[in-house]
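Survey of secondary and tertiary structure
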Amino acid sequence: MIIRKIQIDNYLCYYDTNTFELSEGLNIILGENGEGKTKFFESVDWLFNGENRELDMLVSAKKLNETEIGDSFRVRVSMTVEQYGEKSIITKSFLAKKEKANECSTSSFMIEGISENSSGERSQVDGQALLDRIFPFQIRKYSMFKGEAELNIFESDSALANLINLFSEAKHYDKYSEKGAFLREKAEKAVEDSSKLDKKNEALYKKLEGDIIYLEREKAKYLVHLNSTEEEIRKIEGNLQLAESHVSNADALETLNRRIKDIEEKISYLTGRIDENYTTSLFDENWILVNFESFHKEFAEKVSAHSKTRRELQSEFDKQKGIKVGEKKAKAELLNNAIPLPNNIPSKAIMEEMLDAEICKVCNREAKKGSEAYEFMMKRLKTYLESQVTEDNEPDKDEPLFKYDYTNRLDNLSISHEDNLKNLRLIRTIIKELFEFNDDRKKDIEELNEQLEKEKTEREKILGNSSIGAEKLSDVLKNYNAWQRDLKNRNQDQVDYTSKLKSLESELKAKKEEKDKIDTSSANSFLIKTRNILRDIETIFIDTKENKFEEFIEKLQTKSNRFLEIINIDSFTGEISIYKKNRLGKTTVEVQLMQNGRPLYKPNESLETSMYISILFAISELAYETKNEYYPLIFDAPTSSFGDYKTAQFLNLIYETKNQKILVTKNFLDRDKATKKLFIKKDFESVKRDKAFWVKLEEPFNKNDLTTINTQVINL
């Protein structure tokens, strides 16, 4: 089947009539976001699968704006196809009637079909029936894909199985295997009924039937356990594989975080040990006194000198005082033994005259100074005079020389200062040592900070190279260890369940064989033969169906890998594995990328897209082999993860494939920075294609005013 033409009339941004004349091979439709690219895809999807509801949402606003109230126009998507030499036209449309400004009603929804034979004769046919005949819905399901996410149609466990059933010969054996099973069950029942007529083995036969039922239930139970365990293992392995790409980073991050924490704790500890409280603890209280020693020395010397002087003065004072006391004592003694002046000595004055005249007038002899007589007279006069001194009866006032003992206080102060000098001398040492201690700690902290910066830079590198954030990396490591433990446990469960199943199957086989022996000896031989034949027939049908299914899977896998190798040339060395599984009695087909013999559970988006497209191309080829017919594949932006270069490679490779491809992409378009005009990059010239279109909005337009929106279809 080839789509020759798609025509879109008044469908959303496609105002009036727009026609895409398509080629058999690769058709590329370029379009910027919001300019009609996706609306083209949606219009085709509406034609294939759309329903008759909310049709007013599909009407061109520009067409509606230009239409008079009360007038109508048709919204239409039409496809002209060619199949087996005949042309068909399928049109889906409805009538839009303008009721008032910006509002319309819809009616006359219809799907029309026109068949044209090789001689050019046309006939009107049922449109939906025509569509389903030339493009079966089972195939349409695997022909249209919007974005990369929709390519993953194989996540549904039955999707690929249904597709294989559609194309492989296995489906032809379904009815035979079902009929065979029905007949075999009837034959089994007939043999059992016949055997039960023989009463001698009735008890044993009944027990065997019970055992077989029990063993079948046990087998089914353990199959559920095994399937569930295998599914868990697959999920855990997928999680582990995804984590493995991060676990080295997570491990390195945890090591770095631990080192960073240790360094930060050391810095905190050292910072806490630094005491720079110099001002309050030293400067304000004692620092001003560190130069006090010289002043104290001068002070001490002066105090010492002063003290010495004081002692001398005191000593002299005490001496004089002692003399005075002595004289006083002698005087007292003299008074007590007073000596009168000699007779004939009238008075003191006469004595003094005699001394002055150096004559003793008593004896009228000379008494020169220095003579014994003179000295005698002098001594007697002195004694006399002293005896004549008035007795001082007042007690002596024992006045101290120094009323206040400031000197002692000065001495004590000096001594006290001397004692403090030791502490004052230590201030410089203490401060020096404190500065040195703090400086050493600061150097240590500086070195630690440099180390910390290096560790943090290393951590930033790890986080920069990681596709997930720091918190998730930490979670990955925790989960990774937990998943490894879980995987070990589940693997052991798998071994245990498999072993148990083998044991049950062996026991079941033995019970059935034992039951068959009773049947052989008890039941009607004709029934036994019939049962055995029907058993063989059922086995043949089942095996044949399985073989056909397996053959198709093998072909699909081979072809898929051939396409994958073409699409991913030089970029991926693994392969696609397609395999059948039985899940609780239901056959499923699963797809898995393998690399180095190991499942690749979480491939990147580009590789995943390549895998899905490869399978789709393979299915398309197998469909041709089965039905001698290719079906088109229509993709909307399936390669958004590729980039221009890989998209160009991809397009050039799929250009060589045989079926029709319609690919919508925003690649190869760019906007001129100065004029803001869109243009097609030169890279597009190297892209092989059979037809190409550029859908772009007619200018001028206002993106906020849908009545100005009209997508032009430009043939390239």
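Criteria and cut-off values
Residues numbered from 1 in each chain as written. Predicted model: local features only at pLDDT ≥ 70, side-chain atom pairs only at ≥ 80, totals over all residues. Heavy atoms only, no water. Core = buried A, V, L, I, M, F, W, Y, C linked by side-chain atoms within 4.5 Å. Buried < 20%, exposed > 50% of the residue type's maximum accessible area, 1.4 Å probe, protein only. Helix = DSSP H or I, 4+ residues; strand = E, 2+ residues; numbered from the N terminus. Contact = heavy atoms within 4.5 Å. Pairing = 2+ DSSP bridges. Axes fitted to C-alpha atoms, helices over the stretch in contact; angles between N-to-C directions. Parallel < 35°, antiparallel > 145°, perpendicular 65-115°, else oblique. Nonpolar A, V, L, I, M, F, W, Y, C, P; charged D, E, K, R; others polar. Patch = residues over 30% accessible without salt bridge, like charges linked within 9 Å, V, L, I, M, F, W, Y side chains within 5 Å. Areas by Shrake-Rupley, 256 points an atom, 1.4 Å probe, with all protein chains shown as cover. Salt bridge = Lys/Arg side-chain N within 4 Å of Asp/Glu carboxyl O. Lys, Arg positive; Asp, Glu negative; His and termini not counted. Charge placed at Lys NZ, Arg CZ, Asp CG, Glu CD.

- The name an unreviewed UniProt entry assigns to the protein is AAA family ATPase, from the organism Flavobacterium azooxidireducens.

**A word on the nonpolar core**
- In this structure, L160, L556 and L651 are the most contacted members of the largest nonpolar core, which totals 47 residues.
- The dominant element in this core, judged by the number of residues it contributes, is helix 15 (residues 605-627), at 10 residues.
- Apart from the residues within four sequence positions on either side, L651 is in contact with L26, I28, L663, F668, V687 and K688.
- Grouped together as the second largest cluster of nonpolar side chains are 44 residues, L58, I90, F94 and L130 included.

**Some details on the sheet that holds strand 5 (residues 86-100)**
- Here 6 strands make up an open sheet; going across it, the order is 2-1-4-5-6-7 and the pairing antiparallel. Each of the sheet's edge strands pairs with one partner strand only, and the pair in question is strand 2 (14-21) and strand 7 (122-126). The sheet shows a mean angle of 20° between the axes of neighbouring strands, direction not considered.
- When strand 1 (residues 2-11) meets strand 2, the two strands line up antiparallel, connected through 6 bridges. Each bridged residue has a counterpart across the sheet, and for I8 the counterpart in strand 2 is N18.
- Packing against the sheet, helix 1 (residues 37-49) makes contact with strand 1, strand 2, strand 4 (72-83), strand 5 and strand 6 (103-116), and its axis sits at approximately 105° to strand 1.
- This element, helix 3 (residues 127-134), spans strand 4, strand 5, strand 6 and strand 7 of the sheet and lies at about 55° to strand 6.

**Examining the packing of helix 13 (residues 470-522) against helix 14 (residues 525-567)**
- Direction vectors running N to C along helix 13 and helix 14 enclose 140°, while the axes themselves pass 10 Å from each other. Classified by the angle their axes make, helix 13 and helix 14 are oblique. Note on element contacts: helix 14 touches helix 13 through I528, R531 and R535, opposite D516, D519 and T520.
- Looking at the contact of helix 13 with helix 14 residue by residue, the classes come out as 1 nonpolar, 1 polar and 4 charged.

**Quick look at a negative patch on the surface**
- Where like charges cluster on the molecular surface, the negative patch consists of E433, E436, D439 and D440.
- Note that D439 resides in helix 12 (residues 406-465).
- For D439, a relative accessible area of 36% gives the class partly exposed.

**Structural notes on the pairing of strand 7**
- Taken together, the 5 bridges between strand 6 and strand 7 define a ladder with antiparallel strand orientation. Bridge assignment links E116 to a residue of strand 7, and that residue is R122.
- The antiparallel pairing of strand 6 with strand 7 creates a hairpin that spans 5 residues between the two strands, and G120 there sits at a positive phi of about 95°.

**Re the sheet that holds strand 8 (residues 144-146)**
- Pairing is mixed across the open sheet formed by 6 strands, whose spatial order is 8-14-15-3-18-19. Looking at the sheet topology across the chains shown, the edges are occupied by strand 8 and strand 19 (711-715). For this sheet, the mean angle separating the axes of adjacent strands, direction not counted, is 15°.
- Pairing analysis gives 5 bridges linking strand 3 (residues 26-31) to strand 18 (residues 691-697), with the strands arranged parallel. Residue G31 lies in a different strand from strand 18, and its bridge partner there is V695.
- This element, helix 16 (residues 643-654), spans strand 3 and strand 15 (661-665) of the sheet and lies at about 170° to strand 15.

**Side note on the pairing of strand 12 (residues 586-595)**
- Counted residue by residue, strand 12 has 7 buried out of 10 residues, so it is predominantly covered.
- Bridging between strand 12 and strand 13 (residues 598-600) involves 3 bridges; their strand directions are antiparallel. By the bridge assignment, L593 is partnered in strand 13 with L600.
- Once strand 12 ends, the chain turns through 2 residues before running back antiparallel as strand 13, passing N596 with a positive phi of about 55°.

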